[in-house]
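For reference, the chains in residue letters:
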Amino acid sequence: MFIGREKELMLIEQKVKSSRFEFGILYGRRRIGKTSLLKQIVQKHKAIYYVANTMGLEYNMNQLSQTVAQYFNEPISFDNLEMIFKYLVLRSNEKRITLIIDEFTYLMDGNDRILSLLQNIIDHSLLDSNLCLIISGSHVGMIEDALSYQKPLYGRSTFKLKLEQFNYIEASKFYPNISNQDKVRFYSIFGGVPFYLGQIDSNKSVKENIIDLILAPGAIFEEEISFFLSQEVRSQTNYGRVLNAIASGATKLNEIATKSGNIPSGQAISYINVLMNLGILEKEIAFGSTERSRKTIYRIKDGLFRFHFTYIEKHKSQKTMMHPSSFYDRYIAPFLDEFVSLEFENISRTYLILKHQNELESIGRYWANDARNRIDIEIDIVASIDNQQSAYECKWTNAPIDMQVVNQLYEKARYLNIEQLGFFSRNGYTEEVRLKNYLLYSVDDLYVE
């Protein structure tokens, strides 16, 4: 079943239906849903679809030639890519033709000529044609480098799409009939990667899904993190050290470098940048600070990666020896609410972004140090909406938010020009808080579209 990607599907369909040459590039990390999206186009518009592989350019050209011949049901063959496109241009005079080459990065790997070859074909054969060409790839860095300045394909594409993870609302469409609290839990653990979400069994509990999908011997995600890193980076060990360091509480560059085994900071930031480009890490800047501010931290953005390096990586030996259910009860269950609480803040922030997308000026977490009073100040969310600043506290706890929590936020808000206090609570509010003029949100409010 195909879920989501309505905007992306609409854009691609507009280009497929265009009356001029279109060249699109679709890319994103593995498991993000590129092929599922392209298959929708193939089914609706009868496009020519070919998936490249690692067998080399000559083999792939031969297979692509056969794919084109089968599509037109003609006993033809082509010796090279130029001949294939000349034929397609000729046939496009009769009707609109869409050619999709999935996993195009396999053709690029180890073959510097392919981009120049494609540039030459576009410039001399395709610009005036009735053809729509779409290439897709999973190697994000390779695709972005191919599109950069002074590279052959620079300026040639008429559209490009980088698929990102679903937000929590989009992800919830994969498990619509469970409680909203469990929706938060599932999103915290599995994130917004469509392939991961598609494996969740909403008829089973959170514990059962974790055991079946992650902990059980032979589980589908048991080796997912190791496999992903092995496909995307060269030094899996060093990248794993960086992720371990962040999962262990290191958030600043120098802390990450030190906890990663004293990796030089320059080397650590290169690893971090690659992981951010893949959507595994994200950089967070304190509210009100600039891009160059020293108030910059890094966190694991991808839910499954964060879960793995929080629970699995540091308890490998125990996981090997223990029954999955016992491992869950001992090493995961007692700490799961704390794990979910961090993502609950991000979900709450996303809620505000979606709710106030036309008036929102800036939003983020705020942290600072009051050196005079020797205290650290941290506010979960600060938002500037229509020139008014609001501060929010997010509580994923069993107890309702009471006036003590309110007063604590009030004290922290004095460090900023805050005009309104707000709260996101897993388990509601005391009567005294409800009678005050605060912005109060429940978990159920997060899922009202």
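Use the structure listed above.
These remarks concern the structure in this document.

Cut-offs and rules
Residues numbered from 1 in each chain as written. Predicted model: local features only at pLDDT ≥ 70, side-chain atom pairs only at ≥ 80, totals over all residues. Heavy atoms only, no water. Helix = DSSP H or I, 4+ residues; strand = E, 2+ residues; numbered from the N terminus. Buried < 20%, exposed > 50% of the residue type's maximum accessible area, 1.4 Å probe, protein only. Contact = heavy atoms within 4.5 Å. Areas by Shrake-Rupley, 256 points an atom, 1.4 Å probe, with all protein chains shown as cover. Axes fitted to C-alpha atoms, helices over the stretch in contact; angles between N-to-C directions. Parallel < 35°, antiparallel > 145°, perpendicular 65-115°, else oblique. Left-handed = near helix turned anticlockwise from the far one by under 90°. Nonpolar A, V, L, I, M, F, W, Y, C, P; charged D, E, K, R; others polar. Core = buried A, V, L, I, M, F, W, Y, C linked by side-chain atoms within 4.5 Å. Pairing = 2+ DSSP bridges. Arc of directions from axis to C-beta. Polar contact = N/O pair within 3.5 Å; in protein donor to acceptor, adjacent residues only side chain to side chain. Phe/Tyr/Trp six-rings, centres within 6.5 Å; stacked < 30°, edge-to-face > 60°.

**A closer look at the overall build of the chain**
Along its length, the chain carries 21 helices and 12 strands. Along the three orthogonal principal directions, the C-alpha set of the chain runs to about 80 × 55 × 45 Å. Every one of the 449 residues in the chain was classed for burial, and the buried ones make up 51%. Contacts spanning at least 24 positions in sequence make up 66% of the contacts within the chain whose residues lie at least 6 apart. When the accessible surface of the chain is totalled, it reaches about 22000 Å², and 45% of it is carbon and sulfur.

**Description of the packing of helix 4 (residues 81-91) against helix 6 (residues 113-126)**
Where helix 4 meets helix 6, the axes come as close as 10 Å, and the angle between the chain directions of the two elements is 30°. The orientation of helix 4 with respect to helix 6, classified from their angle, is roughly parallel. For the element pair helix 4 and helix 6, the recorded crossing hand is right-handed. Residue-level inspection shows L81, E82, F85 and V89 of helix 4 in contact with helix 6, the latter providing I114, L117, L118, I121, S125 and L126. Among the residues forming the contact of helix 4 with helix 6, the class breakdown is eight nonpolar, one polar and one charged.

**As for the nonpolar core**
By size, the foremost hydrophobic cluster in this structure holds 130 residues, and its most contacted members are F85, L88, F190, I214, F307, L336 and F424. The next biggest cluster of nonpolar side chains, apart from the first, holds 18 residues, and it includes I377, I379, F423 and V433.

**What about the sheet that holds strand 2 (residues 48-51)?**
Across the sheet, five strands lie side by side as 2-3-4-1-5; this open sheet has parallel pairing. Of all the strands in the sheet, just strand 2 and strand 5 (159-162) have a single pairing partner and so form its edges. Going from strand to strand, the sheet's axes swing by 10° on average, the running direction of each strand aside. Taken together, the six bridges between strand 1 (residues 22-27) and strand 4 (residues 131-137) define a ladder with parallel strand orientation. The residue bridging I25 from the neighbouring strand is I135, located in strand 4. Sheet strands touched by helix 4: strand 2, strand 3 (97-102) and strand 4. Its angle to strand 3, the strand with the most contacts, is close to 150°.

**Structural notes on helix 18 (residues 324-332)**
What helix 18 keeps buried is the set P324, F327, Y328, Y331 and I332. Projected down its long axis, helix 18 carries its buried residues within an arc of 105°, all on one side. Those residues of helix 18 hidden inside the fold are in contact with helix 11 (206-215), helix 16 (303-312), helix 17 (316-321) and helix 19 (336-355).

**Structural notes on the environment of E232**
Tracing the backbone shows E232 in helix 12 (residues 224-232). Residue classification places E232 among the buried residues on the basis of a relative accessible area of 16%. Sequence spacing of E232 and N62 is 170 residues, and the spatial spacing of their C-alpha atoms is 27 Å. E232 has contacts with R30, S138, H139 and L278, leaving out every residue within four places of it along the chain. Side chain to side chain, E232 and R30 meet in a polar contact 3.0 Å long.

**A few points about the pairing of strand 5**
The alternating pattern of strand 5 places F159 and L161 on a buried face and K160 and K162 on a face that is not buried. In this structure, strand 1 lies alongside strand 5, joined through four bridges in parallel fashion. Residue pairing for strand 5: G24 is matched across the bridge by F159.

**With respect to helix 16**
Where burial is concerned, most of helix 16 is hidden: 10 out of the 10 residues are buried. Among the residues of helix 16, G303, L304, F305, R306, F307, H308, F309, T310, Y311 and I312 are the ones counted as buried.

**A few points about the packing of aromatic side chains**
Scanning the entire structure with this criterion turns up 24 aromatic pairs. Ring plane angle 85° and centroid distance 5.3 Å describe the contact between Y168 and Y447, whose orientation is recorded as edge-to-face. One end of the pair, Y168, is in helix 8 (residues 168-171); the other, Y447, is in the segment after strand 12 (439-442), with 279 residues separating them in the sequence. There is no split in this pair, since Y168 and Y447 are both buried. Where Y175 meets F186, the ring centres are 5.5 Å apart and the plane angle is 40°; that geometry is what we call tilted. Taken together, the positions of Y175 in the loop between helix 8 and helix 9 (180-190) and F186 in helix 9 put the pair 11 residues apart, joining distant regions of the chain. Classification of Y175 as buried rests on a relative accessible area of 1%. Here a set of aromatic residues connected by ring pairs shows up, and it is made of Y175, F186, F190, F195, Y196 and F221.

**A short note on the side chain of K34**
Within the fold, K34 resides in helix 2 (residues 34-45). Residues contacting K34, with those up to four places away along its chain left out, are L26, Y27, G28, R29, S136, G137, S138 and L163.

**Considering the environment of E361**
You can see E361 is positioned in strand 8 (residues 360-370). When the C-alpha atoms of E361 and S384 are compared, they prove to be 5.4 Å apart, with 23 residues separating the residues in sequence. Not counting residues within four places of it along the chain, the set of residues in contact with E361 comprises S384, I385, D386 and N387. Within the structure, the side chain of E361 is placed 2.7 Å from the side chain of S384, a separation counted as a polar contact. Within polar-contact distance, the side chain of E361 engages the backbone nitrogen of N387 at 3.0 Å.

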